[in-house]
Each structure stands twice: as C-alpha cells, then as structure tokens.
Amino acid sequence: MSTPAYDAGRLALMLNELRLPTIARLWPEFAQRSDKEGWQATRLLGALLEHELAERAKRRIERHRAESHLDPTKTLATFDFSMVPMVSKAHVMALATGDAWLEKGATALLFGPPGAGKSHLGSAIGHALIDAGYRVMFTRTSELVQKLQAARQSLQLPSALAKLDRFDLIILDDLSYARKDQAETSVLFELIAERYERRSLLITANQPFSGWNDVFPDPGMTVAAIDRLVHHSTIFEMNVESYRRRTASDKQNSRRRQSSSDNQKEGATNMAE
Ligand code: ADP
Ligand code: MG
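Residues numbered from 1 in each chain as written. Chains lettered and ligands numbered in written order. Predicted model: local features only at pLDDT ≥ 70, side-chain atom pairs only at ≥ 80, totals over all residues. Heavy atoms only, no water.

The chain goes by IstB ATP binding domain-containing protein in an unreviewed UniProt entry, where it is assigned to Caballeronia udeis.

## Section: the pairing of strand β4 (residues 200-205)
On any regular strand, side chains alternate: one points to one face of the sheet, the next to the other face. Counting buried positions over the six residues of β4 gives six, a clear majority of the element. Residue alternation in β4 divides its side chains into two sets, S200, L202 and T204 and L201, I203 and A205, and both sets are buried. Relative to β4, strand β1 (residues 107-111) runs parallel, the two sharing five bridges. Paired with L110 across the bridge in β4 is T204. Bridge analysis of strand β3 (residues 169-173) against β4 gives four bridges, and the strand direction is parallel. In the strand pairing of β4, L172 is matched with I203. Between the parallel pair β3 and β4, the chain is carried across by helix α9 (residues 186-195), and the sense of this crossover is right-handed. (Buried < 20%, exposed > 50% of the residue type's maximum accessible area, 1.4 Å probe, protein only. Helix = DSSP H or I, 4+ residues; strand = E, 2+ residues; numbered from the N terminus. Pairing = 2+ DSSP bridges. Right-handed = clockwise from strand over helix to strand, strands pointing away.)

## Focus on the nonpolar core
Among the nonpolar cores identified, the biggest contains 32 residues, and L148, W212 and F216 are the most heavily contacted of them. Mapped by element, the contributors of at least two residues to this core are β1, α7 (141-153), α8 (157-164), β3, α9, β4 and α10 (219-231). Ranked by residue count, the leading element in this core is α9, at five residues. If sequence neighbours within four positions are ignored, F216 has contacts with K180, T185, L188, F189, I192, M221, T222 and A225. Among the nonpolar cores identified, the runner-up in size contains 30 residues, and V92, L95, I125 and A128 belong to it. (Core = buried A, V, L, I, M, F, W, Y, C linked by side-chain atoms within 4.5 Å. Contact = heavy atoms within 4.5 Å.)

## Some thoughts on unusual backbone geometry
Excluding glycine, residues mostly have negative phi values, and the peptide bonds linking residues are mostly trans. Not every positive phi belongs to a glycine, and R19 is a case in point at roughly 55 degrees. Its place among the elements puts R19 in the loop between α1 (8-17) and α2 (21-37). With a relative accessible area of 64%, R19 lands in the exposed category. The backbone phi angle of L155 is positive, close to 55 degrees, even though this residue is not glycine. Within the fold, L155 resides in the loop between α7 and α8.

## A word on helix α4 (residues 89-96)
All of the buried residues in α4 are V92, L95 and A96. Considered in projection along α4, the buried side chains sweep an arc of 100 degrees and stay on one side of the axis. Buried residues belonging to α4 abut α5 (99-103), β1, α6 (118-131) and β5 (233-237). Two residues or fewer past α4, G98 is found with a positive phi of approximately 85 degrees. (Arc of directions from axis to C-beta.)

Structure below.
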C-alpha cells in the first residue's frame, strides 16, 4: 500500500512561511527525480537544503555588492599589474582574501598621482572582499565628511559612526581632496579614531602624509590621525604616470607605427611598379 501524497499546496504555504524560496521552486523536480531514481530521503532533503543555502549566500553577496557603491568594472580581472611594477601582486592578493588584516582592523594606504590606478586597485580589493563574504563601502572622502558633518549638526554623529560599523572595510577615496577650509573635517578624525584597531580603512590619496596638513583642522590632529593609520598598515606607493595618458600615447604610437608601415607598404608597391 503506497503512502498518500502530501498536499502540494500546503507544502508551498509552509515553505513560503519559512522563507525557503529555493526549495519551494526546486522541490517538485527534485521529488520527481527522487521517486524515479529511488533516492534515500536524506539525500533528497540534503540536496534541497544545500541549494537553499547556496542561493542564500549568492543573494547576500549581491546585496553587499549593491550597498558597496563600488564601480562594477573596476575589478582585479580588469587591473593590469604590469602597469604598476612596484606593487606586488602577491601582496594585493593577500589583502584581497581579507582574513588577517580585516580581523585586526588594519589599514591599507594607496598613494600616487592622478590616474595611477589607486581608485581602481582599491575598488578591485573591495570587490574581492565582497566575494569572500565581507561588507565593504566605497565613498569619496569629501562626501562622507559632509554626511558625518550633517550628522554631527543634528547630534547624530555617534549613531552615524555606529551604522558604519557594519562595514568590515570602508574605502575612503581621495582623502587629500577633503579640505579643512571647505568642511568640518574633524569628523574624519573621529571616524579614524573610532575604527582604529577594530574596523579597517583603505585610503587613496594623491599626496602622501606630508600634504595632509590641509585636510585636518590642526597639526596635532593630523599627527594623531596619521599615527593611527600607519600603526597597522600596508602602504602602496604607485608612483607611475597616468594610466589614461600612457594608454592614450600607446594608442597614438601604434597608430603612428601603423601609418608608417602602411606608407612603407605603399612605397614598396610604388617601387615595384
Ligand atoms: P587614480 O584613482 O589613481 O586617479 P584611477 O584608478 O581612477 O586612478 O585610474 C584612471 C583610469 O585608468 C581608470 O579608468 C582605471 O580603470 C584605469 N587604470 C588605471 N590603472 C590601471 C591598471 N593598472 N590597469 C587597468 N586599468 C587601469
Ligand atoms: Mg581616484
């Protein structure tokens, strides 16, 4: 005597109630296969649960990517390490796995002139960390300073800083563009002090520390900020000419080479004539 079939409609309701959309979608097909191939009940249950977990992890990573504000095109796959020979790819790859440095709330500092690839490399590390399950936020430093300043004015700074705590890494892009004469940059110091040895920062800047006196309200605060940032840090000095300029001049050179070889070919044909 066969067991009476379970009411499929009720199953769907229960799966919905338990928020198991993947199992709800997959179970009819899996159950059919299981009946046909005579699977053990544990195999059917295990297969369905594994799919639910995998999809859940995928959705979580998609959510983290969306909240990160990272440029989707600036990844490790599109970064050409040969353009920055002084940057060790192995070192970048170690940072990209997260683990050790994020656990101790360490800092990464990327210095170099405009166009050197700082924002791209910072974003690329951010993407890799999201893939590894971490939460990352990318922001222009001046934008975050404005937000934090507004929070301070409405006496919400502590809760604004606490909200940022959910991010394992905050990428502060273009720190040296934040200017004390344009904004109350002491909130930036508070962010640095708040995250020190707990939550990581990755900072890009055109100017290394020597130019930071224009960022913070007074020299004492500049020294205190730098002191905290360098304590546990990895520094990449990307002193190369602008990638845009180099690729533009490469294109120009190859166009020139192309047209001179065309001319030579023409010359050769002319001579043969
Ligand atoms: P920076 O932040 O140092 O001013 P960006 O990261 O914005 O420079 O780089 C400028 C442009 O050049 C971007 O479009 C970036 O994707 C590209 N770029 C820079 N360096 C590289 C590189 N090593 N490989 C691939 N693209 C690069
Ligand atoms: Mg940049």
